[in-house]
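The chain contents come next:
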Amino acid sequence: MILVIEIVCCSILFAILLIWRIKTKPEWKIQDMPKVLQKKVVRKREYRRKNFKIFTEKEKTLKRLPFYILSVVLLTVMMWFAGARSFAKGFIYSFLLCVIVKLVCVLVIDCGWYAHNKKVWIDGTEELAPKSYQNYRYYFGTIPRAMLIAAFMAVFTGFFVDIMPRMENDNYADKYTEVNDILNEAVKNYKVPGISVMVVDSEGILFSDNYGKCKSSQTPFVVGALGKSFTASCIMKLSREGSLRLEHTVDRYVDAKKYFKDPSDAKKITIRQLLNNTSGLGVYQHLGNAKIVNKNGQYTYANINYDLLGKIIESVTGETYNEYLTKNILKPLGMYNTSADESTAKENGLIQGYRNYFGVNLPSAAEFPDEDSWATESAGYITSSAADMGKYLQMFLRGGYGVVSEKGISTMLYNRVPTEKSGKYQYGMGWLYTDEYVEPVFNHSGRAQNYMSSMYLLPESDMGIVILADTNDYLVTNDLMDQISNKVMLTLLGHAAKELDPYAYEDSHMIINLIYIALVLVGIVEIIRARKWKRNTEGNMIINIFLHLLLPTAILLLPVIIGVPYWVIWEYAQDSFIVLTLSAFLLYIGGLMKLKK
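Let me sum up the structure you'll find in this document. (Residues numbered from 1 in each chain as written. Predicted model: local features only at pLDDT ≥ 70, side-chain atom pairs only at ≥ 80, totals over all residues. Heavy atoms only, no water.)

1. Thoughts on the pattern of salt bridges
- On inspection of all chains with the given rule, the structure shows 11 salt bridges.
- Here glutamate 526 and arginine 529 are joined by a salt bridge, their closest N and O atoms 3.1 Å apart. Here arginine 529 and glutamate 526 lie together in helix H18 (residues 504-530), a separation of three residues that amounts to about one turn.
- Given a relative accessible area of 5%, glutamate 526 falls into the buried group.
- Among the residues examined, arginine 529 registers a relative accessible area of 47% and is labelled partly exposed. (Salt bridge = Lys/Arg side-chain N within 4 Å of Asp/Glu carboxyl O. Helix = DSSP H or I, 4+ residues; strand = E, 2+ residues; numbered from the N terminus. Buried < 20%, exposed > 50% of the residue type's maximum accessible area, 1.4 Å probe, protein only.)

Structure (structure tokens):
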């Protein structure tokens, strides 16, 4: 509304100024006549005696340069009042204003009032009227050049509008300098190969930078479980359109026999429960062996819930998950470096991922899922850049931005279930909520075999934060990156955060590696001793039963004891898997050698 008022006021003001200038100095219009007619008019009126000079287009542009600079300043102020807070809005609003004002001046003044008002024509040139004052084709021909100038002014206006929110914040320099230092230290001290960060508000970008081997905010990473909220967004859109209902059970939309061990389980689980992770399905289940093993209605985080949601989207729409996501979420938001398709991700320039082996990051290709994978695209294999994720977070800050309904956004964020008894943490639909900080925080982290990510949504501060990294170190760096993300978030809120230990990475890996070495050395030493071993005392027998039976068995059963399958350890901590199996094997071999003697 303010922009419309500004356009109307500027159109009237410029029209009045143009009329006043023509009436007080009609010869001024000579400058806007075609060159052939300019010479005739000058000759008729003998303007050479007055030292009248006809300027070229370049000379006129240079002469008007101060006016253009002043216009950019005024446009910046006007666009600010019109509500523009980003480069895009600043550019579009100011360009629109300039173009409309120019059209008004051409149509109403040049082609209308001036072309037909003989009182302001230059004396003695009336017979030239059809070719000069009423030369409509010439007047319209000035519009493209004016639009080009307007575009240049709009670029500068957009730039100044974009940086004004930062200049308005007294703590801007300190806050973002500290964030920059935190992430630089992460790359240096915690050996993270590459990081990309984006901080936005509902209007534009507040801060953006890249570290280590990441050189552009447009570079895609595998964002892991951050993709769950994309899947939830698709479901909200389909729900709004009436294609499905959140209270309907899963069996209404998919073939239960194809995905469940017991098809009757699909009749007990609603779409809402899948979204909230309250279906009762198991943590390490995948499509084909889905089964209710936990209390239905109680929170248990499991990828299988969002794997099934992806299949529901495909069943309802008749399109692949990637096709529906791209057409209905990604393209409307301008997220052109985001995809749920492996080949597209690589075409977009997917950054090299890294796995950590014994404290050393080694290049490792991204392992995209198939139908039998623990996490499919809809649960954790979307690829996106920090710039695109910034646009995605802005969708939530803008109440859906017309892509997802405002009610859908509210449902995703505020339809929550407690994740533990205290209720301190709650899970919405693709978002985790906590009130342990200075204000309510919605967030989610993502882990793939060689990538990790975090995103935060702070509605009260009108801020969204995303941090992407191209490595996965299950035992050490993942926890450190969570601390880094937390510190970045608190720093941006202007609050003190716990200091990070610069030696935490090296110290932790040193301790873990010493344990690894000790386990393997015990096995090697026992094999060496087995060559000289003699069964002589009861004490030795007890020790050997422990060393060669109980200890290796305990090592092999450790994943079962802590509830993590072997294949998960292999996918996310291959160095641990190698050491555990090798040490157990060596101890068994040593025992067999002693038994043989």
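2. Overview of the packing of helix H8 (residues 227-241) against helix H11 (residues 303-317)
- Put simply, H8 and H11 touch, their axes get as near as 10 Å, and they point 40° apart. Comparing their axes, H11 and H8 come out oblique. Viewed along their axes, H8 and H11 form a crossing whose handedness is left-handed. On the side of H8, the interface is formed by Lys228, Thr231, Ala232, Cys234, Ile235 and Leu238, while H11 contributes Asn303, Tyr306, Leu309, Gly310, Ile313, Val316 and Thr317. (Axes fitted to C-alpha atoms, helices over the stretch in contact; angles between N-to-C directions. Parallel < 35°, antiparallel > 145°, perpendicular 65-115°, else oblique. Left-handed = near helix turned anticlockwise from the far one by under 90°. Contact = heavy atoms within 4.5 Å.)

3. A look at the nonpolar core
- By size, the foremost hydrophobic cluster in this structure holds 80 residues, and its most contacted members are Phe230, Phe260 and Leu275.
- Of the residues forming this core, the biggest block, eight residues, is contributed by helix H15 (residues 386-397).
- Setting aside anything within four residues of it in sequence, one finds phenylalanine 230 in contact with Tyr321, Leu325, Ile329, Leu330, Met335, Ile382, Met389 and Tyr392.
- Core analysis: the next-biggest nonpolar cluster, separate from the first, contains 39 residues, Leu183, Val197, Met452 and Val488 among them. (Core = buried A, V, L, I, M, F, W, Y, C linked by side-chain atoms within 4.5 Å.)

4. Side note on the pairing of strand S12 (residues 463-469)
- Among the seven residues in S12, seven count as buried, and that is most of the element.
- Residue alternation in S12 divides its side chains into two sets, Met463, Ile465, Ile467 and Ala469 and Gly464, Val466 and Leu468, and both sets are buried.
- Both strand S11 (residues 451-458) and S12 contribute to a ladder of seven bridges, which runs antiparallel. Following the sheet pairing, serine 454 is matched in S12 by isoleucine 467.
- Between S11 and S12, which pair antiparallel one after the other, the connecting turn spans four residues, and aspartate 462 there sits at a positive phi close to 55°. (Pairing = 2+ DSSP bridges.)

5. Things to note about the side chain of threonine 278
- Locating threonine 278 in the fold gives a position in the loop between helix H10 (271-276) and H11.
- A relative accessible area of 4% means that threonine 278 is categorised as buried.
- If sequence neighbours within four positions are ignored, threonine 278 has contacts with Gln273, Asn296, Gly297, Gln298, Tyr299 and Val417.

6. Overview of a negative patch on the surface
- A contiguous patch of negative charge, built from Asp174, Glu178, Asp181 and Glu185, is present on the exposed surface.
- Mapped onto the elements of the fold, aspartate 181 is located in helix H7 (residues 172-189). (Patch = residues over 30% accessible without salt bridge, like charges linked within 9 Å, V, L, I, M, F, W, Y side chains within 5 Å. Areas by Shrake-Rupley, 256 points an atom, 1.4 Å probe, with all protein chains shown as cover. Lys, Arg positive; Asp, Glu negative; His and termini not counted. Charge placed at Lys NZ, Arg CZ, Asp CG, Glu CD.)

7. Regarding the environment of aspartate 507
- Summarising the element assignment, aspartate 507 is placed in helix H18.
- On the basis of relative accessible area, aspartate 507 is assigned to the partly exposed category, the value being 36%.
- Along the chain, aspartate 507 and valine 476 lie 31 residues apart, while their C-alpha atoms are 9.9 Å from each other.

8. Thoughts on the side chain of aspartate 265
- With respect to the element layout, aspartate 265 can be found in the loop between helix H9 (256-259) and H10.
- Residues in contact with aspartate 265, not counting those within four places in the same chain, are Phe260, Lys291 and Ile292.

9. Describing the sheet that holds strand S7 (residues 417-418)
- Ordered in space as S2-S1-S12-S11-S10-S9-S8-S7, the eight strands form an open sheet in which the pairing is antiparallel. Each edge of the open sheet is held by one strand with a lone partner, namely strand S2 (205-212) and S7.
- As paired strands, S7 and strand S8 (residues 425-427) are joined by two bridges and run antiparallel to one another. Following the sheet pairing, proline 418 is matched in S8 by glutamine 426.

10. Structural notes on the packing of aromatic side chains
- Enumeration over the complete set of coordinates arrives at 18 aromatic pairs.
- Each ring, one from tryptophan 374 and one from tryptophan 567, has its centre 5.4 Å from the other, and the planes form 80°; the classification is edge-to-face. Taken together, the residues span a long stretch of sequence, with tryptophan 374 in the loop between strand S5 (360-364) and helix H14 (377-380) and tryptophan 567 in helix H20 (residues 566-572) at a distance of 193 residues.
- Residue classification places tryptophan 374 among the buried residues on the basis of a relative accessible area of 15%.
- For the ring pair tryptophan 570 and phenylalanine 577, a centre distance of 5.2 Å and an interplane angle of 70° mean the geometry is edge-to-face.
- Here phenylalanine 577 falls in the partly exposed class, since its relative accessible area comes to 22%.
- One aromatic cluster in this structure is built from Phe230, Tyr392, Phe396 and Trp431. (Phe/Tyr/Trp six-rings, centres within 6.5 Å; stacked < 30°, edge-to-face > 60°.)

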